[in-house]
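# What the coordinates show
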Amino acid sequence: MTADRPLLNRRLAEFGTTIFAEMSQLAVETGAINLGQGFPDTDGPAPVLEAARRAIAEGRGNQYPPGPGIPELRRAVAAHREHWYGLVYDPDREVLVTAGATEAIAAAMLALLEPGDEVIALEPYYDSYAACIAMAGARRVPVTLRPVGDRFVLDLDELRDAVTPRTRLILLNTPHNPTGAVLPPEQLAEIARLCVERDLLAVTDEVYEHLVFDGAVHQSLASLPGMRERTVAISSAGKTFSVTGWKVGWVCASPALTTAVRTAKQFLTYVSAGPFQYAVAEALALPDAYFTAFTADLQAKRDLLAAALADAGFGVMRTQGTYFLTADIRPLGLPGPEGADGEAFCRALPHRAGVVAIPSQVFYDHRAAGAPYVRFAFCKRPEVLAEAASRLKALAH
């Protein structure tokens, strides 16, 4: 070990402890309600939980499952994609099971990028995107979703201008975490045309595919002309079935792309979540009524928290999907840094009101663009949200 060389390699030097760990620890220390990290506080559907117990009891998946994932789950994923999006995938050659969507994204970046390649991602973005791109030796190019009225909007001209000869792929997240934006069909069509014109790959993070509200509809980019063969579509079970700890995700792509991602993935976890794979296979076959009821329940929770934030004096941004609401802290009129700086506000909020949120600026390269915004998770029991609403009223006085 040399004294003059940092232990952490330069690609990861900008990344430290995640804001989620910091704010969750603050919640524990203060007894605050944690509306920061995006995980439910209830378990998933009883039949799905029972399927996992049954798989363990019957000895299915307790040892290493097949590298690509168990056949039952790969067939279920393919059937799910066909049912919801009309996309047909060969479960043996075009579906890969991963340790959650995060590993799928990491494997895709490692497999498809060369050092010096550029990756366009919609900013603000899920924090692992930047780290995965960095580990691949590539360069991230953010295109910022900007507030227009009460929603965040993509500027297609800005996206097109971000493409250079070094651009390898677009990393697209819709429904979008953290803003809750759902890209409309006409914008997806333009993104597809851009990918075809400039011969770009697309990696789509669709983990919130069933968490869409107010009549919005999720459309997979892979379903658009010219995109089936150039898209790595990624999703997972955690958000749709409230089992975020199971870490069961998947990739759907052409044989060549799936093989490339599998080559990287096999040297990450190799395999994971054996018994849970059998349970998720059953979950994906639940009737449409499950997905409809689940979405309606989350929409009601969103509305509850949105009303509470508005009553407390926040500017509330519209969210069409995901677990999250973004709020503007400036209308609160708080003095000093807490009035316009999300990080200062979120560090004070547990002490001031007994609630934890996440400062949106940690999801930006252009941190000033996210400074006045904070993110709240509404995937909690109604009584927890009601108590948080009661506590947040302290900010209105």
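This one's a predicted model, so the numbers in the text were calculated from it and none came from an experiment.

### Regarding the overall build of the chain
Summing up its helical and strand segments, the chain has 13 helices and 15 strands in all. Here the chain has a C-alpha radius of gyration of 21 Å; the compact-globule value for 397 residues is 21 Å, and the two agree. Taken along its principal axes, the extent of the C-alpha atoms in the chain is 60 × 55 × 50 Å. The buried share of the chain, reckoned over its 397 residues, is 58%. The contacts in the chain between residues at least 6 apart in sequence include a share of 75% that link residues at least 24 apart. With an accessible surface of roughly 16,300 Å², the chain has 54% of that area assigned to carbon and sulfur atoms. Averaging the coordinates of the 37 positive side-chain charges in the chain and doing the same for the 45 negative ones gives two points 3 Å apart.

### Re the pattern of salt bridges
Under the defined criterion, the tally for this structure stands at 26 salt bridges. With a closest N to O distance of 3.0 Å, Arg 160 and Glu 197 form a salt bridge. Remark: Glu 197 occurs in helix α7 (residues 185-198) and Arg 160 occurs in helix α6 (residues 156-162); sequence separation between them is 37 residues. Classification of Glu 197 as exposed rests on a relative accessible area of 52%. The closest approach of N and O atoms between Arg 228 and Glu 229, which form a salt bridge, is 3.7 Å. Here the salt bridges share partners, and the residues they tie into one network are Glu 22, Glu 343, Arg 347 and Arg 367.

### Some thoughts on the packing of aromatic side chains
Across all of its chains, the model carries 16 aromatic pairs by this definition. Consider the rings of Phe 152 and Tyr 373, whose centres lie 5.5 Å apart with planes at 70 degrees: the pair is edge-to-face. Of this pair, Phe 152 sits in strand β6 (residues 151-153) while Tyr 373 is found in strand β15 (residues 373-377), placing the two residues 221 residues apart along the sequence. Of the two residues, Phe 152 and Tyr 373, both sit in the buried class. Plain terms: the ring middles of Tyr 208 and Phe 324 are 6.2 Å apart, the flat faces sit at 75 degrees to each other, and that makes the pair edge-to-face. Placement of the pair is Tyr 208 in the loop between β8 (201-205) and β9 (231-236) and Phe 324 in strand β12 (residues 324-328), with a sequence separation of 116 residues. By relative accessible area, Tyr 208 is classed as buried at 3%. According to the relative accessible area criterion, Phe 324 is buried, its value standing at 2%. The structure contains a cluster of three or more aromatic residues connected by ring pairs, namely Trp 84, Phe 241, Tyr 290, Phe 291 and Phe 294. Arg 375 extends its terminal NZ or CZ atom over the ring of Phe 324, reaching a point 3.6 Å from the ring centre.

### Topic: the UniProt feature "domain: Aminotransferase class I/classII large" (unreviewed entry) in the chain
Per the UniProt record, "domain: Aminotransferase class I/classII large" (unreviewed entry) is annotated on residues 32-392. As a span, residues 32-392 carries 40% helix and 17% strand, and end to end its C-alpha atoms are 11 Å apart.

### Let's talk about the sheet that holds strand β10 (residues 249-252)
The mixed open sheet is built from seven strands, whose spatial order is β2-β10-β9-β8-β7-β3-β4. Of all the strands in the sheet, just β2 (95-98) and β4 (139-144) have a single pairing partner and so form its edges. Across the sheet, the mean angle from the axis of one strand to that of its neighbour is 20 degrees, orientation sign disregarded. Looking at chain direction, β9 and β10 are connected through four bridges and run antiparallel. Within β10, the position partnered with Ser 236 by the bridge is Gly 249.

### Describing the packing of helix α1 (residues 19-30) against helix α11 (residues 342-353)
Relative orientation and spacing of two packed helices are given, respectively, by the angle between their axes and the distance between those axes. Between α1 and α11, the shortest axis-to-axis distance is 10 Å and the interhelical angle comes to 15 degrees. The angle between α1 and α11 falls in the class roughly parallel. In the packing of α1 onto α11, the handedness of the crossing is right-handed. Residues Ile 19, Glu 22, Met 23, Leu 26 and Thr 30 of α1 lie in contact with α11, whose contacting residues are Cys 346, Arg 347, Pro 350 and His 351. Residues belonging to the contact of α1 with α11 are distributed by class as follows: five nonpolar, two polar and two charged.

About the cut-offs
Residues numbered from 1 in each chain as written. Predicted model: local features only at pLDDT ≥ 70, side-chain atom pairs only at ≥ 80, totals over all residues. Heavy atoms only, no water. Helix = DSSP H or I, 4+ residues; strand = E, 2+ residues; numbered from the N terminus. Rg over C-alpha atoms; globule rule 2.2 N^0.38 Å. Buried < 20%, exposed > 50% of the residue type's maximum accessible area, 1.4 Å probe, protein only. Contact = heavy atoms within 4.5 Å. Areas by Shrake-Rupley, 256 points an atom, 1.4 Å probe, with all protein chains shown as cover. Lys, Arg positive; Asp, Glu negative; His and termini not counted. Charge placed at Lys NZ, Arg CZ, Asp CG, Glu CD. Salt bridge = Lys/Arg side-chain N within 4 Å of Asp/Glu carboxyl O. Phe/Tyr/Trp six-rings, centres within 6.5 Å; stacked < 30°, edge-to-face > 60°. Lys NZ or Arg CZ within 6 Å of the ring centre and 35° of its normal. UniProt positions renumbered as here; feature names shortened; annotations may be inferred. Pairing = 2+ DSSP bridges. Axes fitted to C-alpha atoms, helices over the stretch in contact; angles between N-to-C directions. Parallel < 35°, antiparallel > 145°, perpendicular 65-115°, else oblique. Left-handed = near helix turned anticlockwise from the far one by under 90°. Nonpolar A, V, L, I, M, F, W, Y, C, P; charged D, E, K, R; others polar.

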